[in-house]
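# Fold and contact review
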Amino acid sequence: MTRAVLSVGSNLGDRYRHLQQAVRLLGESVAVASGVYETPPWGDTEQPSYLNAVVLVVDPKAGPHDWLERARACEAAAGRVRDPERRFGPRTLDVDVIAVWDADDQPVIIDDPELTLPHPRAHQRAFVLRPWIDIQPYGQLPGHGWLTDLLNDPALADDLAGMTPRPDLPLESRL
């Protein structure tokens, strides 16, 4: 596998530092990072707002479960504790594997207990789609279509309106 899109978000502690740390831990695999957006909480609205971004990562040796392992390592480094009672609750860092493409640039489709690709709810999340468009304006979410078409869904209008770009909080990338 060669390429993946990861979504990173934080709403506890030093949110920006958690995002920066994730990008640092992903290291040389980070090809490009989106802008950072301040977003209202999704799902469970009784929590602080998030900082969200998307990173495009590339590593010819990494498979889908490798990306999941790296995502979980970033979360662990940020002190993430999963609360089984509160699925969409607050967290120091959340790193989701959104989509993976193989060496032939074909999307990887997986549905197992550990990992579902593409991410089953990415098409419903403005906080994933909008930053992703920053780095891939003509990108597509496998199985769902063009990012711009997905973001124009009226069901996402309120979420999109609640997002605030944070150009004062840049994330580094190698491109």
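As shown above, the structure is provided for reference.
Overview of the structure. This one's a predicted model, so the numbers in the text were calculated from it and none came from an experiment. Numbering of residues begins from 1 in every chain and follows the order in which that chain's sequence is written. Reporting of local features is limited, given that this is a predicted model, to residues whose pLDDT is at least 70; pairs of side-chain atoms are given and counted only at 80 or more, and all residues count toward the totals for whole chains, interfaces and linings. Side-chain metrics in this entry use all non-hydrogen atoms of the structure; hydrogen atoms and water are not considered.

Our next topic: unusual backbone geometry. Glycine aside, negative phi is the norm for most residues, and most peptide bonds take the trans geometry. The omega torsion of the bond from Leu117 to Pro118 falls at -5°, within 30 degrees of zero and hence cis. Each helix is a run of DSSP H or I of at least 4 residues and each strand a run of E of at least 2, with the numbering of both proceeding from the N terminus. Relative to the helices and strands, Pro118 is located in the loop between β7 (116–117) and α3 (126–135). Phi is positive for Asp105, which is not a glycine, with a value near 65°. Turning to its location among the elements, Asp105 is positioned in the loop between β5 (94–101) and β6 (110–111). Each residue is assigned to one of three classes by its accessible area relative to the maximum for its type, calculated with a 1.4 Å probe on protein chains only: buried under 20%, partly exposed between the two thresholds, exposed over 50%. Taking relative accessible area as the criterion, Asp105 reaches 44% and is therefore assigned partly exposed.

Turning next to the environment of Asp104. Here Asp104 shows up in the loop between β5 and β6. Take Asp104: its relative accessible area is 63%, and that puts it in the exposed class. As for Asp104 and His18, which are separated by 86 residues in sequence, their C-alpha atoms are 33 Å apart.

Now for the environment of Ala155. Along the chain, Ala155 falls in the loop between α4 (147–151) and α5 (157–161). Here the alpha-carbon distance between Ala155 and Ala126, two residues 29 residues apart in the chain, equals 9.8 Å.

This paragraph deals with the environment of His119. Structurally, His119 is set in the loop between β7 and α3. A relative accessible area of 7% means that His119 is categorised as buried. Residues His119 and Leu6, 113 residues apart in the sequence, show an inter-C-alpha distance of 9.9 Å. Not counting residues up to four positions away in its chain, the partners in contact with His119 are Asp96, Val97, Ile98 and Arg125. Under this definition, polar contacts are N or O atom pairs within 3.5 Å; protein pairs additionally need one hydrogen-donor-capable and one acceptor-capable atom, and for neighbouring residues in sequence, both atoms have to be side-chain atoms. From its side chain, His119 meets the backbone nitrogen of Ala122 in a polar contact 3.4 Å long. In this description, contact between two residues means that some pair of their heavy atoms is separated by no more than 4.5 Å.

What follows deals with the packing of helix α1 (residues 15–26) against helix α2 (residues 64–77). Axis definition: a line fitted to C-alpha atoms, over the contacting stretch in the case of helices. Angles run 0 to 180 degrees between N-to-C directions. Running from N to C, α1 and α2 cross one another at 135°; their axes reach a closest spacing of 9 Å. Overall, the two elements α1 and α2 adopt an arrangement that is oblique. The handedness of the crossing between α1 and α2 comes out as right-handed. From α1, Gln21, Ala22, Leu25 and Leu26 reach across to α2, where they touch Arg70, Cys74 and Ala77. When residues are sorted by character, Ala, Val, Leu, Ile, Met, Phe, Trp, Tyr, Cys and Pro go into the nonpolar class, Asp, Glu, Lys and Arg into the charged class, and all the rest, Gly among them, into the polar class. Split by residue class, the contact of α1 with α2 holds five nonpolar, one polar and one charged. Working definition: roughly parallel below 35 degrees, roughly antiparallel above 145 degrees, roughly perpendicular at 65 to 115 degrees, and oblique for all remaining angles. Crossing handedness is read from the near helix: turned anticlockwise from the far helix by less than a right angle, it gives a left-handed crossing, and turned clockwise, a right-handed one.

A word on the nonpolar core. As used here, the term nonpolar core means buried Ala, Val, Leu, Ile, Met, Phe, Trp, Tyr and Cys residues forming a set that is joined through side-chain atoms within 4.5 Å. Grouped together as the largest cluster of nonpolar side chains are 31 residues, with contacts concentrated most on Leu6, Val55, Val57, Val97 and Leu171. When residues of this core are traced back to their parent elements, those giving at least two are β1 (3–10), α1, β2 (30–33), β4 (50–58), α2 and β5. The element best represented in this core is α1, accounting for five residues. Residues within four places of Val57 in sequence aside, it is in contact with Thr2, Arg3, Ala4, Leu6, Leu26, Ser29, Val30, Ala31 and Trp67. Counting 23 residues, the second largest nonpolar core, distinct from the first, contains Val5, Val32, Trp101 and Ala122.

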